[in-house]
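Breakdown of the fold
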Amino acid sequence: MESNKKPVVAIVMGSHKDYEVMEEAKEVLDDFGVPSELVVCSAHRTPADAQAFAQGAASRGIKVIIAGAGKAAHLPGVIASWTTLPVIGVPLDAGMFGIDALLSIVQMPAGVPVGCMAVGKSGAKNAALYAVAMLALTDGELADKLKQFREKQAAEVRKKSAELKEK
Ligand code: RP5
């Protein structure tokens, strides 16, 4: 979904190949009507771009950054080092089942925090939901939407449970 509104969430990824997973985050944000932008920049191959992106994000109106990366996944930590905006990391499976990226993201030394979601598509979706929860702290309409989302999700679980009981 294209949005004319200024993005408030940035979805950054270390490679264009990561989009297949990170688009899950974009879809969730679109569903909630939260304008977002997609950015490819690498902590290793384009470090100056990563720095410029992170340093300029807050002044452009970005409130939360979601950063997905695989392998030696330094991108979330590097971005967090250049901004005080909250950064939510998504470890991606680019080999080693994503364990490498998971440990790289979750083991930030004290002082510069990075949130860490699950590996892969679940993590990408949850990163978006986490960003929505942060934005909902100061946006009542969004808070209502998040509540409705949870209620709908719970109703679907109960429906499946009832269907299984019939078997
Ligand atoms: C990371 O390395 C990227 O986030 C990607 O998941 C992984 C592999 O990227 P390519 O070298 O295949 O583009 O930086």
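First, a word on scope: everything that follows refers to the structure included in this document. (Residues numbered from 1 in each chain as written. Predicted model: local features only at pLDDT ≥ 70, side-chain atom pairs only at ≥ 80, totals over all residues. Heavy atoms only, no water.)

Some thoughts on the pairing of strand S1 (residues 9-13)
Most of S1 is tucked away, with five of its five residues classed as buried. Every second residue of S1 is oriented toward a common face, with Val9, Ile11 and Met13 on one face and Ala10 and Val12 on the other, all of them buried. Both S1 and strand S2 (residues 36-40) contribute to a ladder of five bridges, which runs parallel. For Val12, the partnering residue across the bridge sits in S2 and is Val39. Once the chain exits S1 it traverses helix H1 (residues 19-31) before rejoining the sheet at S2, and the crossover so formed is right-handed. Strand direction decides the pairing type here: S1 and strand S3 (residues 64-70), joined by five bridges, are parallel. (Buried < 20%, exposed > 50% of the residue type's maximum accessible area, 1.4 Å probe, protein only. Helix = DSSP H or I, 4+ residues; strand = E, 2+ residues; numbered from the N terminus. Pairing = 2+ DSSP bridges. Right-handed = clockwise from strand over helix to strand, strands pointing away.)

Side note on the packing of aromatic side chains
According to the stated counting rule, one finds one aromatic pair in the structure shown. Ring centres 5.6 Å apart and planes at 55 degrees place the aromatic pair Phe32 and Phe149 in the tilted group. Residue Phe32 is located in the loop between H1 and S2, and its partner Phe149 is located in helix H6 (residues 140-165); the two are separated by 117 residues in the primary sequence. You can call Phe32 buried: its relative accessible area is 6%. Judged by its relative accessible area of 29%, Phe149 falls in the partly exposed class. (Phe/Tyr/Trp six-rings, centres within 6.5 Å; stacked < 30°, edge-to-face > 60°.)

Quick look at the layout of surface pockets
What the largest pocket holds in volume is close to 350 Å³. Contributing to the lining of the largest pocket are 17 residues, with Gly14, Ser15, Arg45, Gly70 and Lys71 lying nearest its centre. For the lining of the largest pocket, the residue count by class is six nonpolar, seven polar and four charged. As a volume, the second largest pocket reaches approximately 270 Å³. What lines the second largest pocket is a set of 14 residues, among which Gly33, Val34, Pro35, Asp139 and Leu142 lie closest to the centre. When residues of the lining of the second largest pocket are assigned to their parent elements, the largest contribution, three residues, is made by H6. (1 Å grid on protein atoms, 1.4 Å probe; cavity = no way out; pocket = protein on both sides within 12 Å on 5 of 7 lines; lining within 4 Å. Points joined across faces, edges and corners; volume = space filled by probe spheres on them. Nonpolar A, V, L, I, M, F, W, Y, C, P; charged D, E, K, R; others polar.)

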